[in-house]
Amino acid sequence: FARMFVQVCLYFYCKCLWRCLKFVVRKLTGQCELQRICYNTKPGAARTMKIEASLKGSKSKRLQTSVNVHPDAIEKTIDDIIELKRINPDRNPQLGVSLQACLLQIVGYRNLIAEVEKLRREPYDSENPQHEEMLLKLWKCLKPNSPLKARISKQWCEIGFQGDDPKTDFRGMGLLGLYNLVYFAEWDTEVAQQVLCDSLHPKYREITKKELSHLSKAEWEKKKFDKAIGYSFAIVGINITDLAYNLLVSGALKTHFYNVAPEAPTLTHFQQTFCYLMHEFHKFWIDEDPLDIMEFNRVREKFYKRILKQLQNPEMALCPHFAASESLINM
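Everything numeric in this text was worked out from a predicted model, so none of it was measured. (Residues numbered from 1 in each chain as written. Predicted model: local features only at pLDDT ≥ 70, side-chain atom pairs only at ≥ 80, totals over all residues. Heavy atoms only, no water.)

1. A closer look at the packing of aromatic side chains
- Per the stated rule, a full pass over the model turns up 16 aromatic pairs.
- Summarising the aromatic geometry, the rings of Tyr 124 and Phe 170 are spaced 5.7 Å apart at their centres and angled 25° between planes, so their arrangement reads as stacked. Taken as a pair, Tyr 124 in the loop between helix H6 (93–121) and helix H7 (129–142) and Phe 170 in the loop between H7 and helix H8 (174–187) lie far apart in primary sequence, 46 residues in all. By the burial criterion, Tyr 124 is buried, and Phe 170 matches it.
- Summarising the aromatic geometry, the rings of Tyr 183 and Trp 187 are spaced 6.1 Å apart at their centres and angled 35° between planes, so their arrangement reads as tilted. A residue pair is termed a helical-turn pair when its members lie 3 or 4 positions apart in one helix, as Tyr 183 and Trp 187 do in helix H8 at 4 residues.
- We classify Tyr 183 as buried; its relative accessible area is 10%. (Phe/Tyr/Trp six-rings, centres within 6.5 Å; stacked < 30°, edge-to-face > 60°. Helix = DSSP H or I, 4+ residues; strand = E, 2+ residues; numbered from the N terminus. Buried < 20%, exposed > 50% of the residue type's maximum accessible area, 1.4 Å probe, protein only.)

2. Comments concerning helix H5 (residues 74–84)
- Buried within H5 we find Ile 74, Thr 77, Ile 78, Ile 81 and Ile 82. Seen along its axis, H5 keeps its buried residues to an arc of 135°; they face one direction. The exposed set on the far side of H5, more than 90 degrees from its buried face, consists of Glu 75, Lys 76 and Glu 83.
- Note on H5: the residue one or two positions beyond its end, Arg 86, has a positive phi of about 55°. (Arc of directions from axis to C-beta.)

3. Structural notes on the pattern of salt bridges
- Under the definition given, this model contains 18 salt bridges.
- Here Arg 298 and Glu 288 are joined by a salt bridge, their closest N and O atoms 3.3 Å apart. Remark: Glu 288 occurs in helix H14 (residues 267–288) and Arg 298 occurs in helix H15 (residues 296–311); sequence separation between them is 10 residues.
- Across the pair Arg 298 and Glu 295 runs a salt bridge whose closest N-O atoms are separated by 2.8 Å.
- With a relative accessible area of 39%, Arg 298 lands in the partly exposed category.
- A single network of salt bridges, built from pairs that share partners, joins Glu 288, Glu 295, Arg 298 and Lys 302. (Salt bridge = Lys/Arg side-chain N within 4 Å of Asp/Glu carboxyl O.)

4. With respect to the nonpolar core
- If you look at the biggest cluster of nonpolar residues, it comprises 84 residues, and the most contacted ones within it are Ile 51, Leu 138, Leu 178, Leu 247, Phe 270 and Leu 277.
- Sort the elements by how many residues they give to this core and H6 lands first, with 11 residues.
- Per-domain counts for this core show at least three residues from each of domain 1 (33–111) and domain 2 (122–312).
- Apart from residues no more than four positions distant in its own chain, Leu 247 is found in contact with Tyr 109, Ala 252, Leu 253, Leu 277, Tyr 304, Ile 307, Leu 308 and Leu 311. (Core = buried A, V, L, I, M, F, W, Y, C linked by side-chain atoms within 4.5 Å. Domains from an automatic or database assignment. Contact = heavy atoms within 4.5 Å.)

5. Points about the confidence of the model for the protein chain
- Averaged over the protein chain, the pLDDT score is 85; the fraction of residues at 70 or greater is 81%.
- In this model residues 224–228 is a low-confidence stretch, pLDDT under 50, and it forms 5 contacts with partners more than four residues away in sequence or in other chains.
- pLDDT under 50 marks residues 321–331. Its contacts with residues more than four places away, or in other chains, come to 22 contacts. (pLDDT = per-residue confidence, 0-100.)

6. Quick word on the packing of H5 against H6
- Two elements in contact, H5 and H6, have axes whose closest approach is 10 Å; the angle formed by their N-to-C orientations is 125°. Comparing their axes, H6 and H5 come out oblique. H6 is crossed by H5, and the crossing has right-handed handedness. Together, Ile 74, Glu 75, Thr 77, Ile 78 and Ile 81 of H5 and Gly 96, Leu 99, Gln 100, Leu 103, Leu 104 and Val 107 of H6 make up the contact between the two elements.
- Counted by class, the contact of H5 with H6 contains 7 nonpolar, 3 polar and 1 charged residues. (Axes fitted to C-alpha atoms, helices over the stretch in contact; angles between N-to-C directions. Parallel < 35°, antiparallel > 145°, perpendicular 65-115°, else oblique. Left-handed = near helix turned anticlockwise from the far one by under 90°. Nonpolar A, V, L, I, M, F, W, Y, C, P; charged D, E, K, R; others polar.)

7. Considerations on the environment of Ser 66
- Mapped onto the elements, Ser 66 comes out in the loop between helix H4 (61–64) and H5.
- For the pair Ser 66 and Lys 56, spaced 10 residues apart in sequence, the C-alpha separation works out to 8.4 Å.
- Reaching out from Ser 66, the side chain makes a polar contact with the backbone oxygen of Leu 63 at a distance of 2.6 Å. (Polar contact = N/O pair within 3.5 Å; in protein donor to acceptor, adjacent residues only side chain to side chain.)

8. Describing helix H9 (residues 189–200)
- Taking 1.5 Å of rise per residue, the 12 residues of H9 would be expected to cover 16 Å, and the 16 Å separating its terminal C-alpha atoms lies within 8% of that figure.
- Every buried residue belonging to H9 is among Val 191, Ala 192, Val 195, Leu 196 and Ser 199, and all of these are buried. The arc enclosing the buried residues of H9, seen along the axis, measures out at 135°, which places them on a common side. (Expected span 1.5 Å × (residues − 1).)

As structure tokens, this is what we get:
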């Protein structure tokens, strides 16, 4: 109880002290916190995240709710902020432009989460022609020279599904998994086909002396001839979709999106990020050189932590390597 009491007192003390400091700085500089951020921080994640924190931490309810407005109401919201902060718009013409860009990113990120969540919750329906068309497009993009003999076929295992009917593998991520796989196969076809090829034809793995010392003769004989250290392309794609989804919902991807999307991040930005993660995970998997597929969760967790660490840098942008995203990154 004493520790909790001290923590509560410390919280309110720091909060009051912070507000007093903000008041003093405003009097000394003649600028509110929003002005100081916009004028002293370059555009991108650093600025937008500071603006977002400032608005959410404000004692004014109007400022707190400004990060949740509809995109069509952003201009009016900025006018309200300028009026509430008693800022002369004629003397600060750039402030409105900067705030608008930040709010578009903040509101857009929230809307993107809602859009992605909607796709994740929508189950694959084999009776829906659009769903079936997307699934067949995935096959055609990945295996253009191998016609699919039947809708339900063991051929699906060739691109990394678990059984004869891929619809059962989309349960975890719903349509989101299919959307991402199709985008990867359609817009980054060469890399997607290469990753698929590598996953089907893993390299022969030599057993090191260190590993040999920990293996019994029977285990050594099994590992010596075990070449199945690849992975199921489609299943891993759905798993990486889950990884990208968690990064998005946790807010970790704000750094990336606020740096690459000049305004509101879209579903296309998310899909391009998925492509980047697929490409990077494939390289990471090869570098880790796991014994077999049973190490997938360990490798995935290690990869996830590495991406999280990269995203802690406010200047970080997970720049996709493929041409489909170059026009967006260069804006």
